[in-house]
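Architecture and fold: a report
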Amino acid sequence: MAEMKTIIITGANSGLGFATAEKIAEQTEDYQVILACRNKEKAEKAKNDLIERTGNRNIIDLDLDTSSIKSVRNFVKQYQELGLPQIDGLICNAGISGSHTGLTSDGFDIIFETNHLGHYLLTTLLLPCMSESARIMVISSDMHNPPGRQLSWTGTPALAKPDEKLADKGMRYSYSKLCNLYFTYELAHRLEYIESTITVNAFNPGYMTDTNFMPNIPVSFFVKLMDRNGSLSDSSTALAKLMTENAYGNISGNYYDRSTEAIEFSELSYHKENALELWNMSAVYTKLVRDETLPKLLNNPNFYGWGPS
Ligand SMILES: NC(=O)c1ccc[n+]([C@@H]2O[C@H](COP(=O)([O-])OP(=O)(O)OC[C@H]3O[C@@H](n4cnc5c(N)ncnc54)[C@H](OP(=O)(O)O)[C@@H]3O)[C@@H](O)[C@H]2O)c1
């Protein structure tokens with residue numbers, strides 16, 4: 001019998017997370033899939049639906065709200081206390097659209113914390129529970145480079161606690177997806193630098209109409225994004241392959257575009273100082289300390305951004 005592999009998917013009760021869970025679970029019972037969801041009722045329903053559809057009984061759900069530092073820390077604690085196996089895959093998928101406003105109970109912008117900060121903390125805390133061949137995939141979006149409008153980096157504090165100038169809703173979503181890329185690339189380089197074989201990549205699913213993400217979207221918006229369309233079926237299939245097929249096991253720092261093809265995207269997303277600043281501020285905001293993650297990943301005096309200076 002093959003060795004059991006465990007893959008965690010955040011926000012797995014609907015849309016891309018659910019479809020990808022199904023495509024992984026249906027391959028073989030050797031994949032254990034953990035649905036990390038904020039709503040217990042939806043999570044239980046998703047688990048039962050997946051077991052019924054795939055015949056794989058190795059599906060469990062655990063509470064996780066990525067908009068709460070306390071919930072993220074509880075998730076990791078629960079994971080350890082339950083004695084769950086080493087993690088072979090983590091898909092940072094949970095996300096909310098630009099229509100959400102307000103601050104979280106931690107005092108951060110709700111989109112910034114849900115889409116970026118919660119996943120930053122979750123991933124760094126889970127790294128010590130991962131196998132040497134673990135794969136991390138961060139779900140970003142090509143909206144980090146919105147059509148017809150250039151983003152410029154405002155600095156992390158302006159995104160974490162936006163003032164009125166940043167109140168434009170769509171922009172805050174775009175910035176959160178840019179943060180997903182900065183986190184991916186910074187983590188990829190840190191892992192390489194400390195000689196870890198864990199990989200981390202980013203994935204753009206494209207604009208999908210058949211998820212719960214943006215209900216009641218106007219047709220004009222859809223037309224504007226024609227060349228950015230994705231499909232739930234194609235993107236979840238590609239994502240499942242990237243997480244499970246041997247061919248993608250040793251690759252880190254890529255941006256996959258709606259498929260298993262990696263491309264280079266916006267220049268801004270490769271800005272090293274911005275990525276470093278986001279990383280450092282995220283560690284401060286989440287009060288992440290050196291002993292909670294992999295040795296030397298934080299506060300390494302020999303480390304400067306994407307490699308030694
Ligand atoms: N749809 C698109 O066109 C599109 C395009 C590019 C990128 N994306 C990205 O794809 C990812 C998945 O989106 P989707 O289209 O599949 O949308 P979806 O169907 O709305 O799925 C989003 C999932 O995230 C969960 N979630 C939201 N906030 C959460 C929180 N605080 N803690 C834990 N889970 C939370 C949702 O749970 P609830 O059911 O409880 O709300 C849901 O399970 C997102 O990261 C999104 O940015 C989507």
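For the structure, check the block above.
What you see as residue numbers is a count from 1 along each chain, following the sequence as written. Note on the predicted model: pLDDT of at least 70 is required for a residue's local features to be given, and 80 or more for side-chain atom pairs to be given and counted; whole-chain, interface and lining totals, by contrast, use all residues. Only heavy atoms go into the side-chain values, all of them from the structure, while hydrogens and water stay out.

Before going further, it helps to examine the layout of surface pockets. Computed from the structure, the second largest pocket encloses a volume of approximately 180 Å³. In this structure, the second largest pocket is lined by 13 residues; those nearest its centre are Lys5, Ser133, Arg135, Met243 and Gly249. Mapped by element, the contributors of at least two residues to the lining of the second largest pocket are strand S1 (5-10), strand S5 (130-139) and helix H8 (232-244). Helical segments are the DSSP runs of H or I of at least four residues, strand segments are the runs of E of at least two, and each set is numbered from the N terminus. At three residues, S5 tops the list of elements feeding residues into the lining of the second largest pocket. Following the grouping adopted for this structure description, the nonpolar residues are Ala, Val, Leu, Ile, Met, Phe, Trp, Tyr, Cys and Pro, the charged ones are Asp, Glu, Lys and Arg, and the polar ones are all others, Gly among them. A class-by-class count of the residues in the lining of the second largest pocket yields three nonpolar, six polar and four charged. Here the term cavity refers to a set of points on a 1 Å grid, laid over the protein atoms alone, in which a 1.4 Å probe fits but cannot get out; the term pocket refers to an open set having protein on both sides within 12 Å along at least five of seven lines, with lining residues being those that place an atom within 4 Å of a point. Grid points are joined across faces, edges and corners, and a volume is the space filled by probe spheres set on the points.

The next point concerns the nonpolar core. In globular proteins that are soluble, nonpolar side chains generally tend to be buried together. Counting 53 residues, the largest nonpolar core has Phe75 and Leu126 as the members making the most contacts within it. Those elements that provide at least two residues to this core are strand S2 (31-37), helix H3 (69-81), strand S4 (87-92), helix H4 (110-126), S5, helix H5 (156-160), helix H6 (169-193) and helix H9 (272-286). Any two residues having at least one pair of non-hydrogen atoms within 4.5 Å are treated as being in contact. Beyond its immediate chain neighbours, meaning those up to four positions away, Phe75 contacts Ile8, Ala36, Leu62, Asp63, Leu64, Leu122 and Leu126. In this text, buried Ala, Val, Leu, Ile, Met, Phe, Trp, Tyr and Cys residues form a nonpolar core when linked through side-chain atoms within 4.5 Å. Burial here depends on accessible area, computed with a 1.4 Å probe over protein chains only, as a share of the maximum for the residue type. Under 20% is buried, over 50% is exposed, and the range in between is partly exposed. Core analysis: the next-biggest nonpolar cluster, separate from the first, contains 31 residues, Ile7, Ala46, Met208 and Ala240 among them.

Now for the pattern of salt bridges. As a working rule, side chains carrying opposite charge can pair if their charged atoms are close by. Note on definitions: salt bridges are taken to be side-chain nitrogens of Lys or Arg within 4 Å of carboxyl oxygens of Asp or Glu. Here the structure, examined in full by the defined rule, presents 12 salt bridges. For Glu186, the salt bridge is made with Arg190, and the minimal N-O distance between the two is 2.8 Å. Of this pair, Glu186 and Arg190 are both found in helix H6, four residues apart, which corresponds to roughly one turn of the helix. The two residues Glu186 and Arg190 agree in class, both being buried. Beyond isolated ion pairs, a larger network of salt bridges with shared partners links Lys40, Glu44, Lys47 and Asp61.

Take the side chain of Asn204 next. Within the secondary structure, Asn204 is located in strand S6 (residues 199-204). Asn204 gets classed as buried once you look at its relative accessible area, which sits at 1%. Not counting the four nearest positions on each side in its chain, Asn204 is found in contact with Ser140, Ser141, Asp142, Tyr255, Tyr256, Asp257 and Arg258.

Moving on: unusual backbone geometry. We note that Glu195 has phi near 60°; this positive angle belongs to a residue other than glycine. Glu195 sits in the exposed class, given a relative accessible area of 71%. The residue Arg258 is not glycine, and still its phi comes out positive at about 55°. By the element assignment, Arg258 lies in the loop between strand S7 (255-257) and H9. Residue class for Arg258 comes out partly exposed when judged on its relative accessible area of 24%.

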